[in-house]
Amino acid sequence: MSDQLLSIVGVGKEEGRPIENPATGDVIGYAPDHTADDLDAAVGGAVEKQPEWARLGHSARSNYLNKMADAIDAHAEELAQLLTLESGKPLNGPNSRMEVSMCGDWLRANAEFETPSEVLVDDGEARAVLEYEPIGVVGAISPWNWPMMITIWQIAPALRMGNTVVVKPSENTPLSVLALVHVLNTVLPEGVLHAISGGREVGARMSEHAEIGKIMFTGSIATGRAIAAASADTLKRLTLELGGNDAAIILDDCDPAAIAEDLFWGAFINTGQTCAAVKRVYVADNIYDELCQALASIAQAVPMGPGTDENNVLGPLQNKGQRDIVAKLVDAARDSGAQILTGGQPSDGPGNFYPATIVTDIAPDNPLVVEEQFGPALPIVRYSNIDEAIGWANGLEVGLGASVWSADRNRAMDVARQIQAGTVWINNHARPDPRIPFGGIKQSGYGLEFGADGLKAVAVPKVYNG
Ligand code: NAD
């Protein structure tokens, strides 16, 4: 790790908030405890710089986005190593190295999207044209599960559209985001991108800040509601990407052996700590036992351990609180009579490890099914009637993602049309693509990210009439 990045992670400082390695419990560094005054100073700097940044125009800002991607690539391995130390996620598999490389992908994609002027009316008498203008200062508040990638999802479109940005990472994973912002600021003009490391009180202050025009928020439903309430006085624009409890519905014509691997990773990506991962599976009766066994075999074979070990592809939970939530839900499922096909017993060693766990013969209203477990424990519910499965899938207050799996695309689409979710994947799950808009419905939030729609979400429409 370079000296600059080492100083960001507070090596040798012992001041600020200690950050622990989730795999060992060892302190890896110290995060600055920024205050509301620090936030005001950052917002002030962003306000001052914004008109100049906006005046650069799209092509110059796109060039900056590409330079940001190149800077990340140049520091990719040190960023991935730091991310692994702080988040626990392994370097390999769908984890740290993939997350860092996706940051570059999203920046480059956002450099390419266009928001051309839209001629609304031009009939010889009237002429009206709609254009998208910057909002001003955008606040980006992120969670701990994909700290670098979600930060990029928020700041890439915001910067591209001519806004300046103040980032507030999760108090659980500030170092990764501070290091990322540091790398980005080696190529950005000074004052365009700011990072404030603080807890919920700093996030709360951002939500009511008069000089922040929009909050991009990814996190829990409870916090999303708090932000919506706190932003009411300033009528801030909001994008709220909140919690989910994604269902996968497996139709009776699937070949269990053919789908098991993709379904497993749709659920256990980042050791289950992914907003739009499979969190409950509904499987047709005729293939239920075979598919459950196939998933359990994979769960037993996939190596879990410290993320710095190149062999591991599943890691610890990022924090102890999340591990306790998973353990409590699995214990309650076991007590209710559900079968723990594999896993279910946390190991004694250090770190927040919980084994990959497959729970079968579980009731559709069991808490492990209807609450977001956000970890490596997957409940699999048997169904004999597809309408019943669709009803269970739609029965919760959340609607982020879902998937339908079938050998027949038309059958899958017929079910997919009946599912209440922002995205329904067919025969895969949890595969974000920078070109494809993503967002939740119901209590999973509102607003779209990615693609040209994502650019428009961090802009204000302005109509020229006449
Ligand atoms: P969280 O809501 O506890 O925290 C997220 C961020 O909000 C943190 O930076 C935190 O400091 C900040 N915050 C806390 N209270 C605040 C307040 N009152 N005002 C403003 N900011 C405040 O969520 P978390 O535990 O970090 O993340 C896990 C949750 O995020 C899960 O529910 C998961 O489903 C959800 N998530 C959703 C998506 C998505 O795209 N929809 C992606 C990742 C995670």
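Everything quoted here is computed from the prediction, not taken from an experiment.

1. Topic: unusual backbone geometry
- For Thr271, which is not a glycine, the phi torsion comes out positive at approximately 55°.
- Following the sequence through the fold, Thr271 ends up in the loop between helix H10 (256-268) and strand S11 (278-284).

2. With respect to the sheet that holds strand S8 (residues 214-218)
- The six strands lie next to each other as S7-S6-S5-S8-S9-S19, forming an open sheet whose pairing is mixed. Of all strands in the sheet, those with a lone pairing partner are strand S7 (193-195) and strand S19 (445-446), marking the two edges.
- Against the sheet, helix H2 (residues 36-55) makes contact with strand S5 (137-141), strand S6 (164-168) and S7, and its axis sits at roughly 155° relative to S6, the strand it touches most.

3. Concerning the environment of Val129
- Note on placement: Val129 falls in strand S4 (residues 127-134).
- Residue classification places Val129 among the buried positions, given a relative accessible area of 11%.
- Sequence-wise, Val129 and Ile436 are 307 residues apart; in three dimensions their C-alpha atoms are separated by 26 Å.
- Residues in contact with Val129, not counting those within four places in the same chain, are Ser117, Glu118, Val119, Leu120, Lys462, Val463 and Tyr464.

4. Description of the site of the ligand
- In the vicinity of the ligand lie 30 residues, with Glu171, Ser220, Thr223, Leu242 and Glu372 positioned nearest.
- The contact in question runs from a nitrogen atom of the ligand to an N or O atom on the backbone of Ala204, over 3.3 Å.
- Leu242 has a polar backbone atom sitting 2.7 Å from a nitrogen atom of the ligand.
- With the chains in place, 91% of the 850 Å² that the ligand exposes on its own is no longer accessible.
- Of all elements in the fold, only helix H8 (200-208), S8 and helix H9 (221-230) reach the threshold of two or more residues within the shell around the ligand.
- Broken down by class, the residue content of the shell around the ligand amounts to 14 nonpolar, 11 polar and five charged.
- Both of domain 1 (3-242 + 444-465) and domain 2 (246-426) provide at least three residues apiece to the shell around the ligand.

5. Re the packing of aromatic side chains
- This structure, assessed with the given rule, holds nine aromatic pairs.
- Where Trp106 meets Trp153, the ring centres are 5.4 Å apart and the plane angle is 40°; that geometry is what we call tilted. Of this pair, Trp106 sits in helix H5 (residues 96-112) while Trp153 sits in helix H6 (residues 147-160), and the two are 47 residues apart along the sequence. Here the two residues Trp106 and Trp153 agree in accessibility, since each one is buried.
- Ring centres 4.7 Å apart and planes at 75° place the aromatic pair Trp153 and Phe450 in the edge-to-face group. Note that Trp153 is positioned in helix H6 and Phe450 in the loop between S19 and helix H16 (451-456), a separation of 297 residues in sequence. Of the two residues, Trp153 and Phe450, neither departs from the other in class, the shared state being buried.
- Among the aromatic side chains, those forming a connected cluster through ring pairs are Trp106, Trp153, Phe438 and Phe450.
- In this structure, Lys67 is placed above the aromatic ring of Tyr64, and the distance from its NZ or CZ to the ring centre is 4.8 Å.

6. A word on the pattern of salt bridges
- This model, assessed by the stated rule, comprises 24 salt bridges.
- Its salt-bridge partner being Arg108, residue Asp70 comes within 2.8 Å of it at the nearest N-O pair. Of this pair, Asp70 sits in helix H3 (residues 58-74) while Arg108 sits in helix H5; the two residues are 38 residues apart in sequence, bridging distant segments of the chain.
- Under the relative-accessibility criterion, Arg108 is labelled partly exposed at 29%.
- Across the salt bridge formed by Arg334 and Asp331, the nearest N and O atoms sit 2.9 Å from each other. Residue Arg334 and its partner Asp331 are located together in helix H12 (residues 320-335), separated by three residues, close to a single helical turn.
- Overlapping salt bridges bring together Asp285, Asp289, Asp361 and Arg382 as one network.

7. Considering the UniProt feature "active site" (unreviewed entry) in the protein chain
- Residues given the UniProt feature "active site" (unreviewed entry) here are Glu241.
- Looking at the element boundaries, Glu241 is found in strand S9 (residues 237-241).
- Once residues within four sequence positions are removed from consideration, Glu241 is found in contact with Phe217, Thr218, Gly219, Leu400, Phe438, Gly439, Gly440, Ser444, Gly447 and Glu449.

8. Observations concerning the pairing of strand S16 (residues 401-405)
- When you tally the buried positions in S16, you get five out of five residues, the bulk of the element.
- Because side chains alternate across S16, one face comprises the buried residues Gly401, Ser403 and Trp405, and the other comprises Ala402 and Val404, equally buried.
- In terms of strand pairing, S16 meets strand S17 (residues 423-426) through four bridges, oriented parallel. Considered in S17, the bridge of Ala402 is made with Val424.
- What joins S16 to S17 is helix H15 (residues 409-416), and the crossover it makes is right-handed.

Cut-offs applied
Residues numbered from 1 in each chain as written. Predicted model: local features only at pLDDT ≥ 70, side-chain atom pairs only at ≥ 80, totals over all residues. Heavy atoms only, no water. Helix = DSSP H or I, 4+ residues; strand = E, 2+ residues; numbered from the N terminus. Pairing = 2+ DSSP bridges. Contact = heavy atoms within 4.5 Å. Axes fitted to C-alpha atoms, helices over the stretch in contact; angles between N-to-C directions. Buried < 20%, exposed > 50% of the residue type's maximum accessible area, 1.4 Å probe, protein only. Near = heavy atom within 4 Å. Polar contact = N/O pair within 3.5 Å; in protein donor to acceptor, adjacent residues only side chain to side chain. Areas by Shrake-Rupley, 256 points an atom, 1.4 Å probe, with all protein chains shown as cover. Nonpolar A, V, L, I, M, F, W, Y, C, P; charged D, E, K, R; others polar. Domains from an automatic or database assignment. Phe/Tyr/Trp six-rings, centres within 6.5 Å; stacked < 30°, edge-to-face > 60°. Lys NZ or Arg CZ within 6 Å of the ring centre and 35° of its normal. Salt bridge = Lys/Arg side-chain N within 4 Å of Asp/Glu carboxyl O. UniProt positions renumbered as here; feature names shortened; annotations may be inferred. Right-handed = clockwise from strand over helix to strand, strands pointing away.

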